[in-house]
Amino acid sequence: MSYLIHNATIFTNRDGDPIRHGEAVAVDGTRIAAVGPTDVLAARYPDFERIDAGGRLLMPGLTHAHMHYYGLFARG
């Protein structure tokens, strides 16, 4: 299955470029084929199924995003 996820806030986890707005991710099977502007990827992958993320956050798997702020200051 190949699909293009668009209308997402993309967390890349890269220094200097951690968050991208208004871009898309092309997924071919189980691999990320490309990340970039939606119009560019839509033209490059016209047969990919489109998935509208509705502005939600899209981030790599195996990234731990759950935390409690009080835990930052807990000792012991």
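Residues numbered from 1 in each chain as written. Predicted model: local features only at pLDDT ≥ 70, side-chain atom pairs only at ≥ 80, totals over all residues. Heavy atoms only, no water.

We now examine the overall build of the protein. For the protein, the helix and strand inventory stands at two helices and five strands. In the protein, the succession of α and β elements from N to C terminus is β-β-β-α-β-β-α. Going through the 76 residues of the protein one by one, you find that 25% of them count as buried. If you sum the accessible surface of the protein, you get close to 5800 Å²; carbon and sulfur atoms cover 55% of it. (Helix = DSSP H or I, 4+ residues; strand = E, 2+ residues; numbered from the N terminus. Buried < 20%, exposed > 50% of the residue type's maximum accessible area, 1.4 Å probe, protein only. Areas by Shrake-Rupley, 256 points an atom, 1.4 Å probe, with all protein chains shown as cover.)

Looking now at unusual backbone geometry. You will see that N7, though not glycine, has its phi angle at about 60°, which is positive. Mapped onto the elements of the fold, N7 is located in strand 1 (residues 2-11). Judged by relative accessible area, N7 falls into the partly exposed class, the value being 37%.

Moving on, we get to the pattern of salt bridges. Pairs can form between side chains of opposite charge whenever their charged atoms are close. One pass over the structure, following the stated rule, counts three salt bridges. The closest approach of N and O atoms between D17 and R20, which form a salt bridge, is 3.0 Å. On the basis of relative accessible area, D17 is assigned to the partly exposed category, the value being 25%. Taking relative accessible area as the criterion, R20 reaches 17% and is therefore assigned buried. Two residues, R20 and E23, come together in a salt bridge whose shortest N-O distance is 3.0 Å. We note that R20, like E23, is buried. Among the charged side chains, a salt-bridge network with shared partners connects R14, D17, R20 and E23. (Salt bridge = Lys/Arg side-chain N within 4 Å of Asp/Glu carboxyl O.)

Next up on the list: the environment of A26. Relative to the helices and strands, A26 resides in strand 2 (residues 19-28). Judged by relative accessible area, A26 falls into the buried class, the value being 0%. Distance from A26 to G36, taken between C-alpha atoms, is 8.6 Å for residues 10 residues apart in sequence. Residues within four places of A26 in sequence aside, it is in contact with Y3, L4, R31, I32, A33, A34, L41, Y45 and F48. (Contact = heavy atoms within 4.5 Å.)

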